[in-house]
Amino acid sequence: MASDSKSPLENPPEALSLLVEAARILAERVDLRDVATPLLAAVASHTAMRHSWMLLLQRRTRQVLTQAVYPASRRTASAVAQIEAGLRGLVDRFSDEVETLIVPKDSGRPRNLTRADLEEGFDRANAETICVPIRVGSVTIGGLGVDRVFDDPVAPVEDARLLSRLASMVAQAVVLRDSIREERFGAAEDSLAFEKGAGEEYRPPNLIGNSHELQAVFDLIGQVSKSDATVLIRGESGTGKELVAQAIHNHSLRSARPFIKVNCSALPETLIESELFGHEKGAFTGAVAVRKGRFELASGGTIFLDEIGYLSLATQVKLLRVLQEREFERVGGSQTLETNVRVIAATNRNLEDLMDEGKFLQDLYYRINVFPIYLPALRERRSDILLLANHFVEKYNKAYGKQIVRISTPAIDMMMSYHWPGNVRELENCIERAVLLSNDEVIHGPHLPPTLQTAEASGTLYVGSLQTSLDALERELIVEALKSARGNKAKAARALGISERLMGLRVKKIGIDPKRFRAKR
């Protein structure tokens, strides 16, 4: 860290040293993901900046390739997610005209600066954070920023110009790597995607996240899409199983044919067979005409059987025949119909346990479990929580005409510490509610549902000793046991697994009259 508070451009040798070191770093490293941290360290060693950061996006998918904050430190999951969301939010603000973003000391709102602003200069001492775009042509692929610490009137425009030169060097490195890749492989592929998983192009549009767990899902989608293999998607409710099924179909050779969805848990057992296989006229009361089933409607395409674990055994037997023989009959019909469909199934139930209980056919399990894909629960990919939250804030800003610009730190901590049993669907509902409740362009902790509230945030910290808590629990258990036993202490003692003598002592100590619980005649 520089000992004085001067901007490096007021000290030309220092600025030149920084640019020379940056050029060396970019020349020595082939993979741009290895550039960010040493480049920021160079910025810190040659300037009086408090913090610096860099973000690079894939040019084609707009997903985060690499990010770094200097100096590095041990951060909680919520802090890491907050940083990533904040950096992405700043980079997304850049347009063709915007050359620099500043965040003034006395305001949390970024301010856009055009080329004209830079040429004229701007507020000399009020810019605390400065951010410049990393651009290849007219495409913004990242950002480079610093937090300033000096309070004397050094023109922030000088720091902005220095950062712009560094950003241009990074952009030139991207172009150079593009050229090398084109010469080697005969196609100009995205140099920022050198070793990124091939599954990025198979990412469903509404499945938000950059976690390794989700990237593995995208890779599996890419591997199975072009085949006709049966796929079993497993995961808890609300994780996005239908989105994955749709993505597999969209990238398959059957994409021009129908994609038919069936929610097996939503249809009564008396109708599920007719829904799947169709029925003939007069097959049952109300069957006034021939009706095609979902398998016929999906001919040549894909049928998605959601929540397949809820099918009855009788329906499972008929489904097994379709998978094995590729043929079926309509309800009430005798004509055998052939089918050419790809089957994708999904479930949130443990099919292995259902097999042990005799509720799911073993043969059907092995027929559908050809290519399993597991979708992680939201609590297993916490780094994606803030990305999802920001996505839903933007969605409901548009839906309700709101202008929510940020989520407060206490609200972020609540979301990051919650276990999300309802997964992404529950998070979306929470954000929708918070957007409606907010009246100051910020989502605060109290706007989130009671299930997310912590003792600290809600001011409901428990006051009392351990012994007090144990005594209260003991009293509650004994009272409930006496209620169930209708005042019979011997029966209540057996229910609690203690002796009648100990029950008598406890009842006397607590001061309970067992006669209160005896049935009145």
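Residues numbered from 1 in each chain as written. Predicted model: local features only at pLDDT ≥ 70, side-chain atom pairs only at ≥ 80, totals over all residues. Heavy atoms only, no water.

## With respect to the sheet that holds strand β8 (residues 259-263)
So, step 1. Taken in spatial order, the five strands of this open sheet run β8-β11-β14-β7-β15, and their pairing is parallel. Each edge of the sheet is formed by a strand with only one pairing partner; in this case those strands are β8 and β15 (371-374). Adjacent strand axes in the sheet meet at a mean angle of 20 degrees, parallel and antiparallel pairs treated alike.
So, step 2. As paired elements, β8 and strand β11 (residues 302-306) share five bridges and run parallel to each other. Bridge pairing in β11 links Val262 to Leu305.
So, step 3. The strands touched by helix α6 (residues 212-224) within the sheet are β7 (231-234), β14 (342-347) and β15, with β15 carrying the most contacts at an inclination of about 160 degrees. (Pairing = 2+ DSSP bridges. Helix = DSSP H or I, 4+ residues; strand = E, 2+ residues; numbered from the N terminus. Axes fitted to C-alpha atoms, helices over the stretch in contact; angles between N-to-C directions. Contact = heavy atoms within 4.5 Å.)

## Quick word on the environment of Lys292
So, step 1. The topology assignment puts Lys292 in strand β10 (residues 291-292).
So, step 2. Separated by 17 residues in the primary sequence, Lys292 and Glu275 place their C-alpha atoms 8.1 Å from one another.
So, step 3. Excluding anything up to four places from it in sequence, Lys292 contacts Gly278, Leu297 and Arg330.

## Points about the pairing of β14
So, step 1. In terms of burial, β14 is largely enclosed, as six of its six residues are buried.
So, step 2. The alternating pattern of β14 places Arg342, Ile344 and Ala346 on one face and Val343, Ala345 and Thr347 on the opposite face, and all of these are buried.
So, step 3. In this sheet, β14 lies alongside β7 in parallel orientation, the contact comprising four bridges. Bridged to Ile233 within β14 is Ala346. (Buried < 20%, exposed > 50% of the residue type's maximum accessible area, 1.4 Å probe, protein only.)

## A closer look at the packing of aromatic side chains
So, step 1. Considering all chains together, one arrives at seven aromatic pairs under this definition.
So, step 2. Where Phe277 meets Phe295, the ring centres are 5.7 Å apart and the plane angle is 15 degrees; that geometry is what we call stacked. Of this pair, Phe277 sits in helix α8 (residues 269-277) while Phe295 sits in helix α9 (residues 294-297), placing them 18 residues apart in sequence.
So, step 3. Taken together, a centroid distance of 5.8 Å and an interplanar angle of 15 degrees make the contact between Tyr396 and Tyr400 stacked. One end of the pair, Tyr396, and the other, Tyr400, are both in helix α13 (residues 385-400), four residues apart, so they sit about a helical turn from each other.
So, step 4. According to the relative accessible area criterion, Tyr400 is partly exposed, its value standing at 36%.
So, step 5. Chaining the aromatic ring pairs together yields one cluster made of Phe277, Phe295 and Phe328.
So, step 6. Geometry around Tyr310 places Arg349 over its ring, the cationic atom sitting 4.5 Å from the centre. (Phe/Tyr/Trp six-rings, centres within 6.5 Å; stacked < 30°, edge-to-face > 60°. Lys NZ or Arg CZ within 6 Å of the ring centre and 35° of its normal.)

## Here's the deal with unusual backbone geometry
So, step 1. At Trp420, a position not held by glycine, the phi torsion is positive, near 50 degrees.
So, step 2. Note on placement: Trp420 falls in the loop between α14 (409-417) and α15 (423-437).
So, step 3. Take Trp420: its relative accessible area is 0%, and that puts it in the buried class.
So, step 4. With a phi angle near 55 degrees, Arg486 is a residue other than glycine that sits in the positive phi range.
So, step 5. Of the residues examined, Arg486 reaches a relative accessible area of 54% and is grouped as exposed.

## A word on the side chain of Arg330
So, step 1. Relative to the helices and strands, Arg330 resides in the loop between β12 (327-329) and β13 (336-338).
So, step 2. Side chain to side chain, Arg330 and Glu296 meet in a polar contact 2.8 Å long. (Polar contact = N/O pair within 3.5 Å; in protein donor to acceptor, adjacent residues only side chain to side chain.)

## Quick notes on the nonpolar core
So, step 1. Membership of the largest hydrophobic core comes to 33 residues, with the highest contact counts inside it found for Met54, Ile134, Leu144, Leu163, Leu166 and Val170.
So, step 2. Mapped onto this core, the elements with two or more residues apiece are α1 (12-28), α2 (36-46), β1 (49-57), β5 (127-136), β6 (139-148) and α5 (156-185).
So, step 3. Broken down by element, this core gets its largest block of residues, ten residues, from α5.
So, step 4. Setting aside anything within four residues of it in sequence, one finds Ile134 in contact with Met54, Leu55, Leu56, Val139, Thr140, Ile141, Gly142, Gly143, Leu144, Ala167, Val170 and Ala171.
So, step 5. Counting residues in each nonpolar core, the second largest holds 29 residues, with Phe277, Ala298, Ile303 and Leu305 among its members. (Core = buried A, V, L, I, M, F, W, Y, C linked by side-chain atoms within 4.5 Å.)

## Regarding the confidence of the model for the chain
So, step 1. With 75% of its residues at a pLDDT of at least 70, the chain reaches an overall mean of 79.
So, step 2. Every residue in residues 1-6 is under pLDDT 50, and counting partners more than four places away or in other chains gives 14 contacts.
So, step 3. The model gives residues 113-125 a pLDDT under 50, and that stretch makes 32 contacts with residues more than four places away or in other chains. (pLDDT = per-residue confidence, 0-100.)

## A word on the layout of surface pockets
So, step 1. Of the volumes computed, that of the second largest pocket is approximately 520 Å³.
So, step 2. Gly238, Thr239, Gly240, Leu243 and Arg425 are, among the 24 residues lining the second largest pocket, the residues nearest its centre.
So, step 3. The dominant element in the lining of the second largest pocket, judged by the number of residues it contributes, is α13, at four residues. (1 Å grid on protein atoms, 1.4 Å probe; cavity = no way out; pocket = protein on both sides within 12 Å on 5 of 7 lines; lining within 4 Å. Points joined across faces, edges and corners; volume = space filled by probe spheres on them.)

## Some words on the packing of α13 against α14
So, step 1. In contact at an axis separation of 10 Å, α13 and α14 are set at 120 degrees when each is read in the N-to-C sense. Considering their axes alone, α13 and α14 lie oblique with respect to each other. Taken as a pair, α13 and α14 cross one another with a handedness that is right-handed. On α14, the residues touching Ile385, Leu386 and Ala389 of α13 are Ile412, Met415 and Met416. (Parallel < 35°, antiparallel > 145°, perpendicular 65-115°, else oblique. Left-handed = near helix turned anticlockwise from the far one by under 90°.)

## Thoughts on the pattern of salt bridges
So, step 1. For the coordinates displayed, the defined rule picks out 18 salt bridges.
So, step 2. The residue Lys261 makes a salt bridge to Glu242 at a minimum N-O spacing of 3.0 Å. Here Lys261 is found in strand β8, whereas its partner Glu242 is found in helix α7 (residues 241-250), with 19 residues between them in sequence.
So, step 3. The partly exposed category is assigned to Lys261, whose relative accessible area is 41%.
So, step 4. Salt-bridge contacts for Glu275 lead to Arg294; the nearest nitrogen and oxygen are separated by 2.9 Å. Residue Glu275 is found in helix α8, and its partner Arg294 is found in helix α9; the two are separated by 19 residues along the sequence. Both residues of the pair, Glu275 and Arg294, count as buried.
So, step 5. Linked by salt bridges that have partners in common, Glu275, Arg291 and Arg294 make up one network. (Salt bridge = Lys/Arg side-chain N within 4 Å of Asp/Glu carboxyl O.)

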